Amino acid sequence: MNPGPRLSVGETLNEVLALYQQHFGALIPVAFWLFLAVSIVGGLGGDGGTALLLAAAVLALAVGTLYQGMVVTLVHSARLGRRQTSVGELIGSVGPVLPTLIATSVLAAVGTLAGLVFFIVPGCILLTIWAVIAPAVVIERRDLSGAFRRSQQLTSGFGWPVFGAVIVANLVAGIAAIVLGNVGEAIAGGPLLRIVFGALAATFAAPISALVAAVLYYRLLELKPDPPPADAPPPVL
């Protein structure tokens, strides 16, 4: 009996690793300068400034969401056969949908965290069905509610492999950030080095979750027997 199309966690993560290596020169420098700004504001806020801590949190959200959108756009551009996409093109493509991307990211994070804290299982379910919200916003230009519906539609029937890929990727990113952060704390001789190592920790971890979302999105598109809905706008880039 034909088991039907399948989604492999291992193959998904192998593609993520391959993309990480292939686009390392584009992913890492951009991430470093973006997260360095966040680390600087966070370092200043650590001296007791509540306003600066709040500013650092808001900046971290905006920068992290922008970077996620840029990584998704980079993968989309590569899928279209473009060998190189400039940072300006990436930012320009994400800019128009950044408010929607931030809103969906916040709502998804709050919903998933609430589910994990209070019920565990519902949080894991939400983490799974909302795994490709960012590509739905960036690539298909979905609105707030449309992005959630589209992600749930694409992940339907592939819950376990999607969940496995997301969990493993987040664990790898988290471990990388913790290791680099601890190294920075161990060897840093002052606030400047701590800020730099904080930025480095975020830099090497940040691409992973965004790459997973993009890879899952395209793999699910290939596996789904139904095409994208007719009302889906054409992709950008």
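Since we're looking at a predicted model, the values are computed, not measured.

K.L.:
Hey, could you run me through the pattern of salt bridges in this one?
P.N.:
Oppositely charged side chains can form a pair if their charged atoms are brought close together. Taken as a whole and judged by the stated rule, the model has six salt bridges. The shortest N-O distance in the salt bridge between glutamate 11 and arginine 219 comes to 3.7 Å. Of this pair, glutamate 11 sits in helix α1 (residues 9–22) while arginine 219 is found in helix α10 (residues 191–223), placing the two residues 208 residues apart along the sequence. Residue classification places glutamate 11 among the partly exposed residues on the basis of a relative accessible area of 47%. Among the salt bridges present, the one from arginine 219 reaches glutamate 15, with a minimum N-O distance of 2.8 Å. On the criterion of sequence distance, the pair formed by arginine 219 in helix α10 and glutamate 15 in helix α1 is long-range, its members being 204 residues apart. Taken together, the shared-partner salt bridges connect Glu11, Glu15, Arg79, Arg219 and Glu222 into one network.

K.L.:
Can you help me understand unusual backbone geometry in this one?
P.N.:
Peptide bonds are mostly trans, and most non-glycine residues show a negative phi. The phi dihedral of arginine 141 falls on the positive side, at around 60°, and the residue is not glycine. Note that arginine 141 resides in the loop between α7 (133–138) and α8 (144–155).

Scoring rules and cut-offs
- Residues numbered from 1 in each chain as written.
- Predicted model: local features only at pLDDT ≥ 70, side-chain atom pairs only at ≥ 80, totals over all residues.
- Heavy atoms only, no water.
- Salt bridge = Lys/Arg side-chain N within 4 Å of Asp/Glu carboxyl O.
- Helix = DSSP H or I, 4+ residues; strand = E, 2+ residues; numbered from the N terminus.
- Buried < 20%, exposed > 50% of the residue type's maximum accessible area, 1.4 Å probe, protein only.

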